[in-house]
Amino acid sequence: MPERVRIAVLASGRGTNLQSILDACARGEIPGEVVVVISNKPDAQALWRARRTGVSAILLDHREFPTRETFEARLAETLNAYSVDLICLAGWLRILGPGFVRQFTGRIMNIHPSLLPQFGGRGMYGERVHEAVLSAGMKISGCTVHFVDDTPDGGPIVLQSAVPVEDGDTPATLAARVADEEHRWYPLAISLFAERRLLIQGRKVRIVEARERESVANEVTR
Ligand code: GRF
């Protein structure tokens, strides 16, 4: 992997996580750059955020492809054309098939607005997650950054951060508190990846010190 990682962000919506990644790159906190932003939704604000920063913004509308396989083949082709090292899903609302995930094993990350494995999986996205957390009477919630495997929200966990659930919280107030955490922790996880400090060992991710990095480089399974 080159010294500066080439990052692709896949986003279907508002793109506030994309923004936090762009900002962290601009501040020099991530040794890398976002080289392309891809959305499957024409009206995604994420595309606009990319364009105003001078980053390539590409619309790949899944409805224009006859099958999931043809859509994912074009997606992979586009990512390879930009020689990306890391693919960050940030509010990307399409489940990626096993064939696609296999091609990029250990190089796809996602952020989820709960403490996985709770409140994750198929159909658990957006406000639904926070509604479920509140209905369960949870006292804490949070966010999880994880590598992507072929189970929805199921890959090895990189980082988690907890927030309190407060009396009187609504899905919107809880979502806002969790989003603040997401905007800190996703860029941090990406910078650890870029510094080659994440070792995937089965279900677990070990975070190594920078000085340990060279001696364990051969263990990296990505
Ligand atoms: C975030 O809550 C993220 O955890 C989830 O989708 C949401 C995306 O928000 N995967 P934004 O588009 O980054 O604002």
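Whatever comes next refers back to the structure up there.
None of the values given here were measured: they were computed from a predicted structure.

Colleague: What should I look at first to understand the state of the cysteines in this one?
Modeller: Here, the word disulfide means a covalent bond between the sulfur atoms of two cysteines. Scanning the model with the defined rule gives 0 disulfides in all. With no disulfide of its own, C143 lies closest to C88 among cysteine sulfurs, the gap being 14 Å.

Colleague: Looking at this structure, I do not really get the nonpolar core. What am I missing?
Modeller: In summary, soluble globular proteins display a tendency toward joint burial of nonpolar side chains. Judged by nonpolar contacts, the single largest core of 33 residues is most densely connected at I7, V9, V34, M109, V158, Y186 and I190. Per-element tally for this core: the top contributor is helix α6 (residues 171-194), with 6 residues. F65, F71, V101 and I108 belong to the second-largest nonpolar core, a separate cluster that totals 21 residues.

Colleague: Whenever I open this one, the packing of helix α1 (residues 16-26) against helix α2 (residues 45-52) confuses me. Can you help?
Modeller: When two helices pack together, you describe them by how their axes are tilted relative to each other and by the distance separating the axes. Viewed as axis vectors pointing N to C, α1 and α2 meet at an angle of 20°, and their least axial separation amounts to 9 Å. For the element pair α1 / α2, the angle class is roughly parallel. Where α1 crosses over α2, the two elements pack in a sense that is right-handed. Contact with α1, carried on its side by T16, L18, Q19 and L22, involves A46, R49, A50 and R52 of α2 and no other residues of that element.

Colleague: Help me understand α2, please; the structure alone is not making it clear to me.
Modeller: Within α2 the residues assigned to the buried category are A46, L47, R49 and A50. Down the axis of α2, the buried side of the element spans an arc of 160°, and every buried residue falls inside it. Facing away from the buried side of α2 by more than 90 degrees, the exposed set consists of R51 and R52. Looking at the buried side of α2, the elements it contacts are α1, β2 (32-39) and β3 (56-59). G54 sits one or two residues past α2 and shows a positive phi near 85°.

Colleague: Please clarify how empty space enclosed by the protein should be interpreted in this entry.
Modeller: A water-sized probe, rolled over the atoms, reveals where empty space remains. If you walk through the whole model with that rule in mind, you get 1 cavity of 30 Å³ or more. Around the largest cavity, the lining residues are S114, L115, Q118, F119, V133, M138, I140 and S141. The residue makeup of the lining of the largest cavity, split by class, is 5 nonpolar, 3 polar and no charged.

Colleague: I would appreciate a short explanation of the pattern of salt bridges in the present structure.
Modeller: Oppositely charged side chains are able to pair whenever their charged atoms sit close together. All chains considered together, the criterion is met by 8 salt bridges. Taken together, the shared-partner salt bridges connect E166, D169 and R177 into one network.

Colleague: Help me out: how do you make sense of the side chain of S161 in this one?
Modeller: Mapped onto the secondary structure, S161 falls in strand β7 (residues 157-164). For S161, the side chain forms a polar contact with the side chain of E181, separated by 2.7 Å. Each residue touching S161, except ones within four places of it in the same chain, is listed here: L115, S141, G142, C143, E181 and W185.

Thresholds applied
Residues numbered from 1 in each chain as written. Predicted model: local features only at pLDDT ≥ 70, side-chain atom pairs only at ≥ 80, totals over all residues. Heavy atoms only, no water. Disulfide = S-S within 2.5 Å. Core = buried A, V, L, I, M, F, W, Y, C linked by side-chain atoms within 4.5 Å. Buried < 20%, exposed > 50% of the residue type's maximum accessible area, 1.4 Å probe, protein only. Helix = DSSP H or I, 4+ residues; strand = E, 2+ residues; numbered from the N terminus. Axes fitted to C-alpha atoms, helices over the stretch in contact; angles between N-to-C directions. Parallel < 35°, antiparallel > 145°, perpendicular 65-115°, else oblique. Left-handed = near helix turned anticlockwise from the far one by under 90°. Contact = heavy atoms within 4.5 Å. Arc of directions from axis to C-beta. 1 Å grid on protein atoms, 1.4 Å probe; cavity = no way out; pocket = protein on both sides within 12 Å on 5 of 7 lines; lining within 4 Å. Points joined across faces, edges and corners; volume = space filled by probe spheres on them. Nonpolar A, V, L, I, M, F, W, Y, C, P; charged D, E, K, R; others polar. Salt bridge = Lys/Arg side-chain N within 4 Å of Asp/Glu carboxyl O. Polar contact = N/O pair within 3.5 Å; in protein donor to acceptor, adjacent residues only side chain to side chain.

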